[in-house]
Every structure is written in C-alpha cells, then in structure tokens.
Amino acid sequence: MYDSIIIGCGFAGAVVARELAEKKGQHVLVIDARSHIGGNCYDRLDEHGILIHQYGPHIFHTNIKRVYDYLSRFTEWYPYCHEVVGNVYGKELPVPFNLNTLEMVYGERAPYLEKLLLDNFGEGARVPILDLMNHENKELQEIAQYVYENIFLKYTMKQWGKSPKEIDPSVSGRVPVLLSRDNRYFQDTYQGLPLHGFTPVFEKMLDYPGIEIRLNCEAKEVLTIAPESGEPIRFEGEPFQGSIIFTGALDELFDCRYGRLPYRSLRFQFEHYNRPYYQSHGVVNYTVSEDFTRITEFKYLAGQLDAPDTTIVKEYPMPYNGAAGEIPYYAINNEENDGLFAKYKALVDKLPRFYLLGRLAEYKYYNIDAIVDRALSVAEEI
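Read on for an overview of the structure. Source: prediction; values computed, not measured. (Residues numbered from 1 in each chain as written. Predicted model: local features only at pLDDT ≥ 70, side-chain atom pairs only at ≥ 80, totals over all residues. Heavy atoms only, no water.)

Glancing now at the nonpolar core. Within the largest apolar cluster, 42 residues are counted, with the highest numbers of intra-cluster contacts made by Phe11, Val15, Tyr70, Leu71, Met205, Leu357 and Val372. Where this core is concerned, the elements lending two or more residues are α1 (11-24), β2 (28-31), α2 (65-72), α8 (198-206), α11 (298-302) and α14 (368-381). Among the elements that make up this core, the one with the highest residue count is α1 (eight residues). Residue contacts for methionine 205: discarding those within four places in its chain leaves Phe11, Ala14, Val15, Arg18, Tyr70, Leu71, Phe74 and Ile211. The next biggest cluster of nonpolar side chains, apart from the first, holds 36 residues, and it includes Ala249, Leu347, Leu351 and Ala361. (Core = buried A, V, L, I, M, F, W, Y, C linked by side-chain atoms within 4.5 Å. Buried < 20%, exposed > 50% of the residue type's maximum accessible area, 1.4 Å probe, protein only. Helix = DSSP H or I, 4+ residues; strand = E, 2+ residues; numbered from the N terminus. Contact = heavy atoms within 4.5 Å.)

Encoded structure:
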C-alpha cells in the first residue's frame, strides 16, 4: 500500500515525505503520536490571539541557501532578527557578550579594554573565552572570568542539571566574546520567521498527492520491528518491503532493552498579561538567578507588536524519565551515552531500507536548517 512510511511529522519527516512524493511519485504514510503536525515547531494562536510556540521558541536562521530556498516555497518570511539579553542580577546585557556588553559592564574602562581586545584579535572576531583565559594579559583573563561566571556557568548548570565540576571545560571554553556591536544572536545570511507561523509551512509542505497523514498513532501500534527475524519489519501485521524513515526516540522503539538514553526535558509555564509588553526583548535569559532559564515573549517573534496584551512562557529544565507528558529535547552526549546509542543503532543496521533521521533518532542536536538540509540529503539517498 505504501512505498515509504515516515515516523514523525516534524521538519525531518515532513521534508522527506514531500520529496519522496513529489520527486519519486511515492505513496507515503506519515505517522505521528501527537494530535498535530509540525513536531516541536508546532505553533498556534492561543485563546488571546497571540501566536505561541507550543514547545518553546524556534527561530529560523541559516547560511545554507538551498535550505532557505526550499522553505521559501512554502512561506513568505517575517524579517525577524533575534536579539537576546541576559538578566544578570537585574541588569539586562546583550548576549552573546559583545562590545556593547563590554561597555555596559566596564563603563569608563571599556574603551581601553575594547582596544586591548581589538589589538589582540581583530574587529569582528569571535573569541572563545578559553583563549582569553589562557592569555598572558590579566585584564583579558578578567573579561573571560566575567563571561564564564555571569553568562555561562549558572545558566548551564540549570540547563543541564550539572554542578560546576561536572561542566566540561572544553565546552565552556567555546563560549564566544564577539568583537562587534552587532547585537543579533545569530549572524547568518538568512534569518526570520514564517510570516504566518510554522504550522502553515507544514500544512503546505504535506498537501501533496500521495502523502497520507495518520495522527494520534504510536509507531509501535502499526509497526513491528524485529531485527533478528526473517521478516524484520511488519506493518499492520503484514511484511513491509518499502522504506522506513524513523525520526523518533530510538531506545523507545526497542522498549529500552539496553536501558534508557539520557535526555534533558523542559517544563513550559505559559502566562498571559493584560498589558502591551512584559519584557524588553523576545527572549530574556536568566543567567544567574531564578529556576527558569529564559522567558520568551511571543508577540516579538510573530510581529504582533500592536496587540494590546501579551503571552509569555518560562522554561524550566528537568530530567527526562520517560513519564507521561515528558518530552525528550536534548541528548546528553558523552562517551557512555553515545556508546549506549551505538548499541541501539547496531540493531537498526540489520534492517533493510531503515533510515534514522533527526534529534531523537540520531541522538544529536540539530538546528532547523541543519535538519532540513539532512532530510533533503536522506531523501536524495532513498
């Protein structure tokens, strides 16, 4: 009945579905356990008419022209340039740390420190704080220490549930100081948000002959995966000879037989306020205080700046235990966990025409542009 079955209806699954149906004339079934398309990029109007991102803010940015051109087939763009500030003991500072931040933190000393930075690294450089920490100049070391303690350390402790001793120095060392006055969070060539939201992008992408969508459907309800058997893949009880593109959690596909892959999850607390604005920017990071990591005010992202009221969301990081309602968001990549993933991948390697794609299936982090690019490449491979 189907040439390919795709598990998951985020960007990974939707792009592959469209490519296989449009370019190969395939009959494709897309399955998703949720009641909606769009995966974690799903957005909707709340009861107050504010366009909210149900699973946290998603900002599109890329230097990959083929990704921008591909998505532009399905949307016009709202030219949103993402700017983030960190709330450092009540004072809002541009992040990543840049020359504007330097001026706000160091006041009269800033011109001297700016010259010191530019003389050593050059205008426009992204200088890892590890380079500053290891520099012979004590004042450059001081800047690195400020960034580490006030921008990175406590935020990362909250995000990953780690103590300072558990935070890998090689990771913290990559945190940049930007030697420019560009307050944009991203410096990519193409950036913005779909003019009418992400969900209409998925609706247009999946509206094509040969694409069938089945929501509220767990993969294991219809698929039987048995790598050791003579008929390793069955769909609704019958042997299936087509392609499977799997974008879900790989350990859960195999009932966590080797143990659960560790992830970090998030709890979202949405709040509505009957006033024009809640905060100064679309996203404010709480880098040293509060239990939440950041607050997003959606009207900035959606271009609804004239709305008389506003909706925000606070993000509280938490462990992922597989309990009902919990969502795995971020793989915790280290040698032990990556080794566990490899054991699950070895099971898949025995399966014919079975493709892993996406954050959960590949146990790695992807931005939107990277997963669209990867999905296009997987579709070409198929």
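Structure's up, so let's keep going.
On to helix α3 (residues 99-106). Along α3, the residues that are buried comprise Leu99, Asn100, Thr101, Leu102 and Tyr106. Contacts made by the buried residues of α3 are with β8 (91-95), α4 (110-121), α6 (138-160) and β10 (176-178). The backbone nitrogen of asparagine 100 lies 2.9 Å from a side-chain oxygen of the residue at the head of α3, namely asparagine 98. Trailing α3 by a residue or two, glycine 107 shows a phi angle of about 55°, which is positive. (Polar contact = N/O pair within 3.5 Å; in protein donor to acceptor, adjacent residues only side chain to side chain.)

In this section: the packing of aromatic side chains. For the structure on display, the rule yields 28 aromatic pairs. Aromatic side chains phenylalanine 268 and tyrosine 329 sit 5.9 Å apart centroid to centroid with 90° between the ring planes, which places their arrangement in the edge-to-face category. On the criterion of sequence distance, the pair formed by phenylalanine 268 in strand β17 (residues 263-273) and tyrosine 329 in the loop between β20 (310-319) and β21 (330-331) is long-range, its members being 61 residues apart. The ring centre of tyrosine 55 lies 4.1 Å from the NZ or CZ of arginine 34, which sits over that ring. Cation over ring: arginine 267 sits above tyrosine 316, and NZ or CZ is 4.2 Å from the ring centre. (Phe/Tyr/Trp six-rings, centres within 6.5 Å; stacked < 30°, edge-to-face > 60°. Lys NZ or Arg CZ within 6 Å of the ring centre and 35° of its normal.)

Before going further, it helps to examine unusual backbone geometry. Following valine 95, the chain continues to proline 96 via a peptide bond in cis, the omega torsion being 0°. With respect to the secondary-structure elements, proline 96 resides in the loop between β8 and α3. Here asparagine 216, not a glycine, exhibits a phi torsion of approximately 55°, which is positive. Tracing the backbone through its elements, the reader meets asparagine 216 in the loop between β12 (211-214) and α9 (219-222).

Geometric descriptors of this kind do not, in isolation, establish any biological role.
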